[in-house]
Amino acid sequence: MNQFIIMMNEFLSTDIQAYHRYDYTTYKTAGNPDFINHLKNQFGDTEPCTLKKAEDELRKTIEEDLTIIRERLNNLNLTVCVIPRAKAEKYYSDNQRLFKKVISSVVDKANGFINGTNYIMRHTNTRTTHMNKNGRGGDGDMPYVGITKATCHISSEVQGKDILLIDDIYTKGVNIDEDAIQSLIDNGAKSVIFYAVAKTYKGGVKCNDLDLPF
(Lines give C-alpha, C1' and ligand atoms only; values in the text may rest on other atoms or scores of the structure.)
Protein backbone atom coordinates (compact mmCIF):
# COMPACT_ATOMS: atom_id res chain seq x y z
CA MET A 1 0.00 0.00 0.00
CA ASN A 2 1.21 3.49 -0.90
CA GLN A 3 1.04 6.71 1.08
CA PHE A 4 0.57 10.25 -0.22
CA ILE A 5 -0.71 13.66 0.84
CA ILE A 6 -3.79 15.38 -0.57
CA MET A 7 -2.70 18.99 -0.59
CA MET A 8 -4.90 21.85 0.56
CA ASN A 9 -6.43 23.99 -2.20
CA GLU A 10 -9.56 26.04 -2.81
CA PHE A 11 -11.69 22.95 -2.05
CA LEU A 12 -9.79 21.80 1.02
CA SER A 13 -8.58 23.81 4.01
CA THR A 14 -5.80 21.48 5.20
CA ASP A 15 -3.44 18.77 3.97
CA ILE A 16 -4.82 15.25 4.40
CA GLN A 17 -3.01 11.95 4.94
CA ALA A 18 -3.99 9.50 2.20
CA TYR A 19 -3.32 5.94 1.04
CA HIS A 20 -3.85 3.95 -2.13
CA ARG A 21 -3.15 0.39 -3.27
CA TYR A 22 -2.83 0.54 -7.07
CA ASP A 23 -1.69 2.92 -9.77
CA TYR A 24 -4.40 3.42 -12.36
CA THR A 25 -2.78 3.68 -15.80
CA THR A 26 -4.92 2.53 -18.70
CA TYR A 27 -7.83 0.09 -18.88
CA LYS A 28 -6.84 -3.38 -20.10
CA THR A 29 -3.11 -2.82 -19.68
CA ALA A 30 -0.94 -5.14 -17.62
CA GLY A 31 -1.24 -4.54 -13.89
CA ASN A 32 -4.10 -2.06 -14.12
CA PRO A 33 -6.90 -2.66 -11.56
CA ASP A 34 -9.62 -3.19 -14.17
CA PHE A 35 -11.94 -4.67 -11.54
CA ILE A 36 -12.72 -1.09 -10.46
CA ASN A 37 -14.17 -0.38 -13.91
CA HIS A 38 -16.19 -3.57 -13.81
CA LEU A 39 -17.67 -2.75 -10.40
CA LYS A 40 -18.93 0.61 -11.65
CA ASN A 41 -21.07 -1.31 -14.16
CA GLN A 42 -21.86 2.10 -15.64
CA PHE A 43 -24.38 0.86 -18.21
CA GLY A 44 -25.73 -2.07 -16.20
CA ASP A 45 -24.60 -4.70 -18.70
CA THR A 46 -21.51 -6.21 -17.06
CA GLU A 47 -21.66 -10.01 -16.96
CA PRO A 48 -22.52 -11.51 -13.53
CA CYS A 49 -19.35 -13.62 -13.47
CA THR A 50 -17.24 -10.51 -14.13
CA LEU A 51 -19.01 -8.64 -11.35
CA LYS A 52 -18.43 -11.53 -8.94
CA LYS A 53 -14.71 -11.62 -9.70
CA ALA A 54 -14.51 -7.85 -9.24
CA GLU A 55 -16.33 -8.08 -5.91
CA ASP A 56 -13.92 -10.75 -4.70
CA GLU A 57 -10.88 -8.69 -5.75
CA LEU A 58 -12.18 -5.59 -4.02
CA ARG A 59 -13.06 -7.51 -0.86
CA LYS A 60 -9.57 -8.97 -0.63
CA THR A 61 -7.98 -5.55 -1.19
CA ILE A 62 -10.13 -3.76 1.38
CA GLU A 63 -9.69 -6.47 4.01
CA GLU A 64 -5.92 -6.26 3.71
CA ASP A 65 -5.67 -2.49 3.55
CA LEU A 66 -8.04 -1.69 6.42
CA THR A 67 -5.84 -3.76 8.70
CA ILE A 68 -2.68 -1.98 7.50
CA ILE A 69 -4.20 1.49 7.84
CA ARG A 70 -5.39 0.87 11.38
CA GLU A 71 -1.96 -0.47 12.37
CA ARG A 72 -0.27 2.60 10.89
CA LEU A 73 -2.62 4.81 12.90
CA ASN A 74 -1.80 3.02 16.15
CA ASN A 75 -5.06 1.07 16.18
CA LEU A 76 -7.23 4.16 16.07
CA ASN A 77 -10.93 3.31 15.82
CA LEU A 78 -12.24 4.61 12.50
CA THR A 79 -15.66 5.31 11.03
CA VAL A 80 -15.69 4.30 7.36
CA CYS A 81 -17.50 6.57 4.90
CA VAL A 82 -17.66 6.19 1.13
CA ILE A 83 -17.61 8.82 -1.61
CA PRO A 84 -21.03 8.61 -3.29
CA ARG A 85 -21.36 8.10 -7.02
CA ALA A 86 -22.10 11.11 -9.21
CA LYS A 87 -25.85 10.58 -9.52
CA ALA A 88 -28.52 10.45 -6.83
CA GLU A 89 -28.65 7.14 -4.95
CA LYS A 90 -32.00 6.18 -6.51
CA TYR A 91 -30.47 6.49 -9.99
CA TYR A 92 -28.46 3.27 -9.60
CA SER A 93 -29.57 -0.35 -9.54
CA ASP A 94 -28.34 -2.79 -6.92
CA ASN A 95 -25.64 -4.15 -9.26
CA GLN A 96 -24.30 -0.60 -9.72
CA ARG A 97 -23.87 -0.10 -5.98
CA LEU A 98 -21.45 -2.98 -5.49
CA PHE A 99 -18.45 -0.86 -4.49
CA LYS A 100 -20.21 0.45 -1.39
CA LYS A 101 -21.89 -2.89 -0.73
CA VAL A 102 -18.57 -4.74 -0.58
CA ILE A 103 -16.95 -2.13 1.65
CA SER A 104 -19.94 -2.21 3.99
CA SER A 105 -19.74 -5.99 4.33
CA VAL A 106 -16.00 -5.90 5.04
CA VAL A 107 -16.33 -3.12 7.63
CA ASP A 108 -19.09 -5.02 9.46
CA LYS A 109 -16.63 -7.85 10.10
CA ALA A 110 -13.51 -5.78 10.80
CA ASN A 111 -12.28 -4.95 14.29
CA GLY A 112 -11.96 -1.28 15.18
CA PHE A 113 -14.20 0.07 12.41
CA ILE A 114 -17.68 1.61 12.46
CA ASN A 115 -19.89 1.29 9.39
CA GLY A 116 -20.65 4.78 8.13
CA THR A 117 -20.98 3.83 4.47
CA ASN A 118 -24.39 5.50 4.32
CA TYR A 119 -23.32 8.69 6.10
CA ILE A 120 -22.88 10.56 2.79
CA MET A 121 -25.85 10.03 0.46
CA ARG A 122 -26.26 11.81 -2.87
CA HIS A 123 -29.75 13.26 -3.35
CA THR A 124 -29.12 15.45 -6.42
CA ASN A 125 -27.37 14.44 -9.64
CA THR A 126 -23.95 15.83 -10.48
CA ARG A 127 -21.95 15.47 -13.67
CA THR A 128 -20.10 12.18 -14.16
CA THR A 129 -16.72 13.86 -14.56
CA HIS A 130 -14.76 11.05 -16.22
CA MET A 131 -17.42 10.76 -18.96
CA ASN A 132 -18.06 14.45 -19.50
CA LYS A 133 -15.64 15.00 -22.38
CA ASN A 134 -17.34 12.36 -24.52
CA GLY A 135 -20.78 13.82 -23.85
CA ARG A 136 -21.97 11.05 -21.53
CA GLY A 137 -21.61 12.90 -18.24
CA GLY A 138 -25.33 13.32 -17.84
CA ASP A 139 -27.04 16.13 -15.98
CA GLY A 140 -25.91 18.09 -12.94
CA ASP A 141 -22.93 20.31 -12.20
CA MET A 142 -19.22 19.73 -12.52
CA PRO A 143 -17.28 20.01 -9.23
CA TYR A 144 -17.48 23.35 -7.44
CA VAL A 145 -16.57 24.35 -3.90
CA GLY A 146 -19.32 23.01 -1.65
CA ILE A 147 -20.86 20.58 -4.15
CA THR A 148 -20.90 17.73 -1.61
CA LYS A 149 -22.90 19.68 0.95
CA ALA A 150 -25.23 20.98 -1.77
CA THR A 151 -26.00 17.59 -3.34
CA CYS A 152 -25.65 15.12 -0.46
CA HIS A 153 -27.19 14.42 2.90
CA ILE A 154 -24.41 14.14 5.48
CA SER A 155 -25.31 12.32 8.67
CA SER A 156 -24.83 14.06 12.01
CA GLU A 157 -23.13 10.82 13.09
CA VAL A 158 -19.87 12.09 11.57
CA GLN A 159 -19.55 14.61 14.42
CA GLY A 160 -16.61 13.83 16.68
CA LYS A 161 -15.59 10.77 14.65
CA ASP A 162 -12.23 9.84 13.17
CA ILE A 163 -13.25 9.17 9.58
CA LEU A 164 -11.68 6.93 6.97
CA LEU A 165 -13.12 8.18 3.68
CA ILE A 166 -12.93 5.68 0.81
CA ASP A 167 -13.13 6.16 -2.96
CA ASP A 168 -12.42 3.83 -5.87
CA ILE A 169 -10.05 6.09 -7.84
CA TYR A 170 -8.35 9.33 -6.77
CA THR A 171 -7.40 11.79 -9.50
CA LYS A 172 -5.61 14.97 -8.59
CA GLY A 173 -7.37 18.06 -9.90
CA VAL A 174 -10.90 16.66 -10.08
CA ASN A 175 -11.55 17.81 -6.48
CA ILE A 176 -14.54 15.60 -5.73
CA ASP A 177 -12.59 13.89 -2.95
CA GLU A 178 -11.19 17.16 -1.62
CA ASP A 179 -14.67 18.66 -1.43
CA ALA A 180 -16.08 15.60 0.33
CA ILE A 181 -13.25 15.67 2.87
CA GLN A 182 -13.96 19.33 3.58
CA SER A 183 -17.67 18.61 3.99
CA LEU A 184 -16.87 16.06 6.71
CA ILE A 185 -14.60 18.54 8.47
CA ASP A 186 -17.27 21.24 8.25
CA ASN A 187 -19.83 18.83 9.69
CA GLY A 188 -17.75 18.17 12.78
CA ALA A 189 -15.57 15.17 12.00
CA LYS A 190 -12.69 14.93 14.47
CA SER A 191 -10.27 13.89 11.72
CA VAL A 192 -10.34 12.55 8.16
CA ILE A 193 -7.98 10.02 6.59
CA PHE A 194 -8.45 9.20 2.91
CA TYR A 195 -8.04 5.89 1.09
CA ALA A 196 -8.47 5.12 -2.60
CA VAL A 197 -8.22 1.67 -4.12
CA ALA A 198 -6.30 3.28 -6.99
CA LYS A 199 -4.68 6.62 -7.79
CA THR A 200 -4.34 7.80 -11.37
CA TYR A 201 -0.79 7.64 -12.62
CA LYS A 202 0.90 11.05 -12.34
CA GLY A 203 -2.51 12.67 -11.87
CA GLY A 204 -4.10 11.50 -15.10
CA VAL A 205 -5.27 8.35 -16.80
CA LYS A 206 -3.10 7.71 -19.84
CA CYS A 207 -5.92 7.26 -22.33
CA ASN A 208 -8.97 9.12 -23.53
CA ASP A 209 -12.43 8.91 -21.99
CA LEU A 210 -13.70 6.58 -24.69
CA ASP A 211 -11.30 3.89 -23.45
CA LEU A 212 -12.93 3.84 -20.02
CA PRO A 213 -15.98 1.53 -19.84
CA PHE A 214 -17.27 3.08 -16.62
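Numbers given for residues are sequential positions, taken from 1 along each chain in its written order. Owing to the predicted nature of the model, reporting of local features is limited to residues with pLDDT of at least 70; listing and counting of side-chain atom pairs is limited to 80 or more, with chain, interface and lining totals taken over all residues. Each side-chain value is worked out from all heavy atoms of the structure, with water and hydrogens disregarded.

Comment: elements are numbered from the N terminus, with helices defined as DSSP H or I runs of at least four residues and strands as E runs of at least two. Counting secondary structure elements, the chain contains five helices and eight strands. When we talk radius of gyration, it's over C-alpha atoms, and the globule rule is simply 2.2 Å times the number of residues to the 0.38. Scaling as 2.2 N^0.38, a compact globule of 214 residues should have a C-alpha radius of gyration of about 17 Å, and the chain matches this with 16 Å. C-alpha extents for the chain along the principal axes are approximately 40 × 35 × 35 Å. Throughout this description, buried means an accessible area under 20% of the type-specific maximum (1.4 Å probe, protein chains only), exposed means over 50%, and partly exposed covers the range between. Expressed as a percentage of the 214 residues in the chain, the buried residues total 48%. Residues count as neighbours in contact if any of their non-hydrogen atoms are within 4.5 Å of one another. For the chain, the proportion of contacts with a sequence separation of at least 24, taken over those separated by at least 6, is 73%. Accessible area for the chain stands at about 10100 Å²; split by element, carbon and sulfur atoms hold 48% of it. The charge count includes Lys and Arg as positive and Asp and Glu as negative, but it does not include His or the ends of the chains. Lysine's charge is taken at NZ, arginine's at CZ, aspartate's at CG and glutamate's at CD. Taking the 27 positively charged and 28 negatively charged side chains of the chain as two groups, their mean positions are separated by 1 Å. In short, Shrake-Rupley with a 1.4 Å probe defines the accessible areas, and a residue's cover is counted only from the protein chains shown.

As a further point, take the sheet that holds strand β4 (residues 113-115). What makes two strands pair is DSSP finding at least two bridges between them. The six strands are arranged β1-β2-β8-β7-β3-β4 in an open sheet whose pairing can be described as mixed. Among the strands making up the open sheet, the edge pair consists of β1 (2-6) and β4. If you compare each strand with its neighbour and ignore which way they point, the axes differ by 30° on average. One ladder, built from five bridges, connects β1 with strand β2 (residues 16-24); its direction is antiparallel. Within the sheet, the bridge partner assigned to I6 lies in β2 and is I16. Against the sheet, helix α5 (residues 176-186) contacts β1, β2, β7 (162-170) and β8 (191-200), and its axis sits at roughly 165° relative to β7. Structural elements are reduced to axes, namely lines fitted to C-alpha atoms, with helices fitted over the stretch in contact, and the angle between N-to-C directions of any two is expressed from 0 to 180 degrees.

We now examine the nonpolar core. Formed by 30 residues in total, the largest nonpolar core has its most connected members in L164 and V197. Setting aside its immediate chain neighbours within four residues, L164 contacts L66, I69, L78, T79, V80, C81, F113, I193, F194 and Y195. Judged by nonpolar contacts, the second largest core, of 22 residues, contains A18, C81, I83 and I163. Joining through side-chain atoms within 4.5 Å is the link that ties buried Ala, Val, Leu, Ile, Met, Phe, Trp, Tyr and Cys residues into a set, and such a set is a nonpolar core.

Let us look at the packing of helix α2 (residues 48-72) against helix α3 (residues 98-109). Relative to each other, α2 and α3 sit at 45°, their axes nearing to 9 Å. Taken together, α2 and α3 sit at an angle that is classed as oblique. Here α2 runs over α3; the crossing is right-handed. Contact residues: α2 offers L51, E55, L58, R59, I62, E63 and L66, while α3 offers L98, F99, V102, I103, S105, V106 and V107. Gly is placed with the polar residues, together with every amino acid not listed as nonpolar (Ala, Val, Leu, Ile, Met, Phe, Trp, Tyr, Cys and Pro) or charged (Asp, Glu, Lys and Arg). Grouping the amino acids of the contact of α2 with α3 by side-chain chemistry returns ten nonpolar, one polar and three charged. Here is the rule for angles: anything less than 35 degrees is roughly parallel, anything more than 145 is roughly antiparallel, 65 through 115 is roughly perpendicular, and the remaining ranges are oblique. Helix crossings are classified by the rotation of the near helix relative to the far one: an anticlockwise turn of less than a right angle makes the crossing left-handed, while a clockwise turn makes it right-handed.

With five of its five residues buried, strand β3 (residues 78-82) lies for the most part within the structure. Where burial is concerned, the two faces of β3 agree: the one with L78, V80 and V82 and the one with T79 and C81 are both buried. Two strands pair when backbone bridges link them, and β3 and β4 are joined in this way by three bridges, in the parallel orientation. Among the inter-strand pairings, T79 is bridged to a residue of β4, identified as I114. Handedness rule for crossovers: strands pointing away from the viewer, path from the first strand over the helix to the second running clockwise, crossover right-handed. Following the chain from β3 across α3 to the adjacent parallel β4, one finds a crossover that is right-handed.

One can find R85 in the loop between β3 and α3. Sequence spacing of R85 and Q96 is eleven residues, and the spatial spacing of their C-alpha atoms is 9.6 Å. Beyond its immediate stretch of four places on either side in the chain, R85 contacts K40, Q42, Y92, Q96 and R122. Two N or O atoms form a polar contact when they lie within 3.5 Å of each other; inside protein one atom must be a possible hydrogen donor and the other a possible acceptor, and for residues adjacent in sequence the pair counts only when both atoms belong to side chains. A distance of 2.8 Å separates a polar atom in the side chain of R85 from the backbone oxygen of Q96.

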